[in-house]
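Secondary and tertiary structure notes
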Amino acid sequence: MKTNNLCADIGYLSLNHAGEQLCGDHVEVLEDPYDRSTVIVLADGLGSGVKANILSILTSKIISTMVSSGLKLEDAVETIAQTLPVCSVRGVAYSTFTIFHIADTGHVTIIQYDNPDVLLLRDGISVDYPADTRTIGGKSIRYTEVDLRQDDIFLLFSDGVEHAGVGGIYNFGWKREDIAAFMCGYCSVEFTAKTLASILLDETNRLYDGRPGDDATVCAVRIRERTSVNLLIGPPYNRDDCHRMMSLFFSKKGKHIVCGGTTSSIAADYLNKPLKTSIQYLDPEIPPTAEIEGVDLVTEGVITVNRVLEYAKNYLEDNSSYRKWSFKQDGASRIARMLFEDATDINFFVGRAVTPAHQNPNLPINFSIKMKLVEELTECLKKMGKKIKVNYF
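Owing to the predicted nature of the structure, the values given are computational and were not obtained by experimental measurement. (Residues numbered from 1 in each chain as written. Predicted model: local features only at pLDDT ≥ 70, side-chain atom pairs only at ≥ 80, totals over all residues. Heavy atoms only, no water.)

**Here's the deal with the state of the cysteines**
The criterion, for reference: Cysteine sulfur atoms are paired as a disulfide whenever they fall within 2.5 Å.
Throughout the structure, instances matching the rule amount to 0 disulfides. Unpaired in terms of disulfides, C380 finds its nearest cysteine sulfur in C259, a separation of 16 Å.

**Regarding the nonpolar core**
This is how the line gets drawn: In this description, a nonpolar core means a group of buried Ala, Val, Leu, Ile, Met, Phe, Trp, Tyr and Cys residues linked to one another through side-chain atoms lying within 4.5 Å. Exposure is judged per residue with a 1.4 Å probe applied to protein chains only, and the accessible area is read against the type maximum: over 50% gives exposed, under 20% gives buried, and values in between give partly exposed. The contact criterion used throughout is that any non-hydrogen atoms of two residues lie within 4.5 Å.
Judged by nonpolar contacts, the single largest core of 61 residues is most densely connected at L155, I257, L339, F340, L377 and L381. Setting aside residues no more than four positions away along its own chain, L155 makes contact with V118, L119, L121, M183, L200, C219 and A220. Core analysis: the second largest hydrophobic core is formed by 19 residues, I10, I40, I102 and C219 among them.

**Structural notes on the pairing of strand β10 (residues 153–157)**
Selection criterion: Runs of E in the DSSP output that reach at least two residues are strands. Runs of H or I that reach at least four are helices, and both are numbered from the N terminus. Paired strands, as defined in this entry, are two strands with at least two bridges between them according to DSSP.
The buried count for β10 comes to 5 of 5 residues, which makes it a mostly enclosed element. Burial of the side chains of β10 extends over both faces: I153, L155 and F157 are buried on one face and F154 and L156 on the other. Alignment of strand β6 (residues 119–122) against β10, held across 3 bridges, turns out to be antiparallel. If you follow L120 over to β10, its bridge partner there is F154. Across 5 bridges, the pairing between β10 and strand β11 (residues 216–225) is antiparallel. Within β11, the position partnered with F154 by the bridge is V221.

**Structural notes on the pattern of salt bridges**
Using the following cut-off: Salt bridge, as used here, is a side-chain nitrogen of Lys or Arg placed within 4 Å of a carboxyl oxygen of Asp or Glu.
Evaluated as defined, the whole model comprises 16 salt bridges. Among the ionic pairs, E203 bridges to R206, the shortest N-O distance being 2.7 Å. Remark: R206 and E203 occur in helix α5 (residues 193–207); sequence separation between them is 3 residues, near one turn of the helix. The exposure class of R206 is partly exposed, given its relative accessible area of 49%.

**Remarks on a nonpolar patch on the surface**
Definition in use: Patch building starts from residues that exceed 30% relative accessible area and form no salt bridge, then joins like charges within 9 Å and nonpolar side chains (Val, Leu, Ile, Met, Phe, Trp, Tyr) within 5 Å. With residues, only the protein chains shown are counted as cover, and all accessible areas are computed by Shrake-Rupley using a 1.4 Å probe.
Together, L22, V50, I54, L58 and I62 give the surface a local cluster of nonpolar side chains, amounting to about 410 Å² of exposed area. Mapped onto the elements, L58 comes out in helix α1 (residues 50–68).

**Looking at helix α2 (residues 73–83)**
Put simply, the rule is: The arc in question is formed by the directions pointing from the helix axis toward the C-beta atoms.
Within the span of α2, buried status applies to L73, A76, V77, I80 and A81. One face of α2 carries all of its buried residues, which in axial projection span an arc of 125°. Residues of α2 that are exposed and angled more than 90 degrees away from the buried face: Q82 and T83. Elements that come into contact with the buried residues of α2 comprise α1, β4 (95–102), β5 (107–113), β8 (132–136) and β9 (139–147).

**What to know about the packing of helix α4 (residues 176–184) against α5**
Between two packed helices, both the angle of their axes relative to each other and the distance between the axes serve to describe the pair. Where we set the bar: Under this scheme, a helix contributes an axis fitted over its contacting stretch, all axes are lines through C-alpha atoms, and angles between N-to-C directions fall in the 0 to 180 degree range. Just so you know how the angles are binned, under 35 degrees is roughly parallel, over 145 roughly antiparallel, 65 to 115 roughly perpendicular, and the rest oblique. Should the near helix be turned anticlockwise from the far one by less than a right angle, the crossing is left-handed, and should it be turned clockwise, the crossing is right-handed. Residues are grouped as follows: Ala, Val, Leu, Ile, Met, Phe, Trp, Tyr, Cys and Pro are nonpolar; Asp, Glu, Lys and Arg are charged; all remaining types, including Gly, are polar.
At a minimum axis distance of 11 Å, the contact between α4 and α5 shows a crossing angle of 130°. One way to sum up the angle between α4 and α5 is to call them oblique. The crossing of α4 and α5 is right-handed. Note on element contacts: α5 touches α4 through L196, I199, L200 and E203, opposite I179, F182 and M183. When the residues that make up the contact of α4 with α5 are grouped by side-chain class, the tally is 6 nonpolar, no polar and 1 charged.

The analysis is restricted to geometry; functional conclusions fall outside its scope.
Below, the structure is given as structure tokens:
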């Protein structure tokens, strides 16, 4: 989606029904490289456990694949609606679904079949949007079209979220207006979509008293402006390339992070600014940061980036480490915030020179480890939906 330089930040998490190893909900996200549209499908299989898990995965994958292959939304819905069986005992479909299709024009189409209505939070309040009810494949489908605006937040969720608190804190579950009121309080803070999903799901789990009576899934979509962050690590293999590497790095728009002692010295020389070091350990396991005028963040190299990689892997799982890196001021936490929260586009500038640190037998660091760290970190960031470009020198 390129309208007005906007993009969609997407994050989702699930809670399993208490006692179940598999989740009966499934989220599938596919991007079409040709028309640059994005298809999100949240499917909720009937019941819980293995059967529900299989049904939700099949439903979400079939729909997302058909739509991303160019089939009209209506045709994809009709196909899946005719395919899904109906439980003879309960009279409900074996899988319900929500389709969220973001076009490159900045327009979204929402199609919902028996899932809770998608919440739209705009300007700090919950906004109602028009919806038509159509009969497709013999099933009643809610159809909505919305023009996107910067900072819009959409919340897709399964009915396990609304059922939270039944018979406990709430007699009839967590009402839609209560969910909206709870989440509106977080709109003014520029949380990532994954963090917004975490916040809502944590509250859902609390209302279940830690033992969910149903599978619960939240998918958050935040419409935001594209923002670039540039990260430089390691000096170039050829010393004669130092000026070219630094020139390209500092010519990029956005924030600039320099990692590594030798690298930061080269950056300071290029900028003709002093490198101000520190001996203050804000985290006993992470080396102190430094300062160079004209650079947003200067850190140590491999040890710091390794911690960032740990945070990235956790972010893609349950995001529990958010409580650590979201507020700490050590180098790894600050890099995590800049890459995970601030950036939509990340440019890596990776030097392939072997530095003295790589040759120190007393340190568990070598050149191959550094390269592996960069590779793994970029893969994690791609899975977060970041646009990544890596330049080697």
